[in-house]
Amino acid sequence: PYASFTALRTASGPVVHNEKARFWEVFEYDDVLMLASEHETFSSDGSKFADHPEEFIKAQSILTTDPPRHRQLRSLVSQAFTPRAIASMAPRIAEITHDLLDHVVGQGSMDIITDLSYPLPVIVISELLGVPAEDRAQFKRWSDDMVFSEYDELTAINVEEYNERMRQVIRRTLDELYDYFRIVLAERRLQPCQDLVSELLAARIEGQSLSEAEILAFCTLLLIAGNITTTNLIGNALLCFDEHPETMDQLAERPDLLPQAIEEVLRYRSPALLLARYTTRDVELHGQTIPCGQMILGWIASANFDPQQFPHPEAFDITRSPNRHLAFGHGIHFCLGAPLARLEAKIALSILLERFQQIRRNREQPVETIHSAFILGPKHCPVTFK
Ligand code: HEM
C-alpha cells in the first residue's frame, strides 16, 4: 500500500479531480482528517446531491445520515456498543475462537480467513443481532457483493460501465438483505427476544419509534460493514507479521504489545481504504475550488502513510507511538464497532499465538487480495503451524 499511494501523491498532487468518474480525491492526512471532522462542510448524505436520490434513500443508514438525525440514531444504537457492553462479550469471543481452532488443531495447516477470521465476527454479530449464524455462507455472498470485490476487471473497460454495474449489484444485494431482515423484524414484532433487533424495535426517540427503513439499514450495515472489515483486520495482521517475522518474536516475548501491534496493522494495512463525503458549499483546497455538491473520496490508506504525521511510514513498527491512524475514521461518524473489532482481533490473535507455534504463511500459495476499491485484505491466508 505504501508504494502505490506515495507514487499517487507525488504524481498527482494532494487533490485530484477525476472528471470521468465525477468525484474528487484527497490523499494527505490533514485533508482526510478535515473531511471526517468538518461534517457541516462535508456531508455524509449523498441523497441530498444525487441525480437519483431514491437510490440512496433505501440504503440510508447512520453512516450516511447528517445531524440532527445522525445524533439521535447514534445515541440510540451506541447503547449496545458501550465499552462495558463490548467487554462483557470477551468470554464468548474467546469460546468461539477456541471452538474454531479446535477444528484445525491436529492438521498442522489452516486458512486464517475460512477457518478463523471470517466465521468469528459473523458468529459474534449474528448472536448480537439475533439471526442464525448458520446463514453465514449467505452473509458472505452478500458482503462480497456489497464491497463489489469480484468486478475489478471492469475497471479496464470504462468507469461509467463499472459504476452502472456496481449500482446494479448493490441494489440487488440490498433488496435481498432487506427481504431477509424484514422476515426477522416480523418475527421479533410477534415475539421479542434479548437481541439488538428487538431492542431497535422497542427504541423510541422523543416518543417516536425508528422507521422500518432505518432498522433495516442499520442491521444491514452491521452485518456487512462490521464483518468484512474485522475479517480483514485479522487476515492483514497475519500478513504483516509474516512479512516482518521479527514481530512474531517480539510478541512471543512481550504479549502485552499485541494491542499496539493491532493499531500498527490498522495503520499499515487499513481494512477500510477510504471514506466518502459531499461538499455542502464551494470549498478551496490546495489552490483548487471544489464546487458544492461534489463527492470527495478521502484515502485513509494514503493518510496513514503520510510522512508529515508518521515518521518512517514505510516501517512496520509495533511499538509506534503515537499512532493516530485514521483506520476507523474520525469525528461524529467514528466507527461505532471499533471497540468490538479491536477486542475480537486481540482475543483471536492472542489465542492463535498462544495455542500454535511457528505460524508461517504457506508460500506455495500466493496471497490473493480482495479486488475491491473500498476494502483491503487477503481472500485466503493459508498458514502452517506446529
Ligand atoms: C463507521 C472502519 C468494524 C460498525 C466506520 C468508519 C470507518 C470504519 C472508517 C467511518 C466511515 C465514515 O466516516 O464515513 C471499520 C474498520 C473495522 C470496523 C476498519 C474493523 C477493523 C466495525 C464493526 C462494526 C462497525 C465490528 C459493528 C459491529 C460501524 C458503524 C459505523 C462505522 C455502525 C457508522 C458510524 C456512524 O456513522 O456514526 N467504520 N469498521 N464497524 N462502523 Fe466500522
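Within every chain, residues take consecutive numbers counted from 1 along the sequence as written. Under the rules for a predicted model, residues below a pLDDT of 70 receive no local features and side-chain atom pairs below 80 are neither given nor counted, while totals for whole chains, interfaces and linings still include all residues.

The protein carries the name Putative cytochrome P450 YjiB in an unreviewed UniProt entry, which gives Dictyobacter alpinus as its organism.

*Asks:* Got a sec to walk through the site of the ligand? Specific residues and values, please.
*Replies:* Nearness is defined per residue: the C-beta atom, placed using the backbone, must lie within 6 Å of the molecule or strand. Every one of the 25 residues lining the ligand counts as a neighbour, but Gly 226, Thr 229, Gly 329, Cys 335 and Gly 337 are closest to it. Only DSSP runs of H or I with at least four residues qualify as helices, and only runs of E with at least two residues qualify as strands; both kinds are numbered from the N terminus onward. Among the elements of the structure, α12 (212-243) and α16 (338-355) are those that each provide at least two residues to the shell around the ligand. Among the elements that take part in the shell around the ligand, α12 stands out by supplying seven residues, more than any other. Each residue belonging to the shell around the ligand can be placed in one class, and the counts come to 17 nonpolar, seven polar and one charged. Only Asp, Glu, Lys and Arg are considered charged in this grouping, and only Ala, Val, Leu, Ile, Met, Phe, Trp, Tyr, Cys and Pro are considered nonpolar; every other residue, Gly among them, is considered polar.

*Asks:* Which residues make up the packing of α12 against α16, and what are the values?
*Replies:* Contact geometry for α12 and α16: axes closest at 10 Å, N-to-C directions at 40°. Considering their axes alone, α12 and α16 lie oblique with respect to each other. Judged by the twist between their axes, the crossing of α12 over α16 is right-handed. Contacts between α12 and α16 involve Thr 229, Thr 230, Leu 233, Ile 234 and Ala 237 from the first element and Ala 341, Glu 344, Ala 345, Ala 348 and Leu 349 from the second. Residue composition of the contact of α12 with α16, by class: seven nonpolar, two polar and one charged. The convention used is that axes are lines fitted to C-alpha atoms, helices contributing only their stretch in contact, and that angles between N-to-C directions extend from 0 to 180 degrees. Any angle from 65 to 115 degrees is called roughly perpendicular, while one under 35 is roughly parallel, one over 145 is roughly antiparallel, and all others are oblique. Less than a right angle of anticlockwise turn of the near helix away from the far helix marks a crossing as left-handed, whereas a clockwise turn marks it as right-handed. Residue pairs are scored as contacts if the distance between their C-beta atoms, which are placed from the backbone, is within 7 Å.

*Asks:* Requested: an account of the environment of Glu 206, with residues and values cited.
*Replies:* Along the polypeptide, Glu 206 turns up in the loop between β5 (204-205) and β6 (208-209). Labels follow a simple rule on C-beta atoms placed from the backbone: if 20 or more others lie within 10 Å of a residue's own, it is buried; if 12 or fewer, it is exposed; otherwise it is partly exposed. Classification of Glu 206 as exposed rests on a count of 5 C-beta atoms within 10 Å.

*Asks:* If you had to explain unusual backbone geometry to someone new, which residues and values would you point to?
*Replies:* Between Pro 67 and the following residue, Pro 68, the backbone shows a cis peptide bond with an omega angle of 5°. Looking at the secondary structure, you find Pro 68 in the loop between α3 (53-57) and α4 (69-77). Here Ser 321 and Pro 322 are connected by a cis peptide whose omega angle stands at 0°. Along the polypeptide, Pro 322 turns up in the loop between α15 (300-303) and α16. Non-glycine residue His 286 carries a positive phi angle of around 45°. By secondary structure assignment, the location of His 286 is in the loop between β8 (283-285) and β9 (288-290). Accessibility expressed as a C-beta count within 10 Å gives 10 for His 286, which makes it exposed. In the Ramachandran plot, His 312 falls in the positive-phi region, its phi being about 45° despite a non-glycine side chain. With respect to the helices and strands, the residue His 312 is situated in the loop between α15 and α16.

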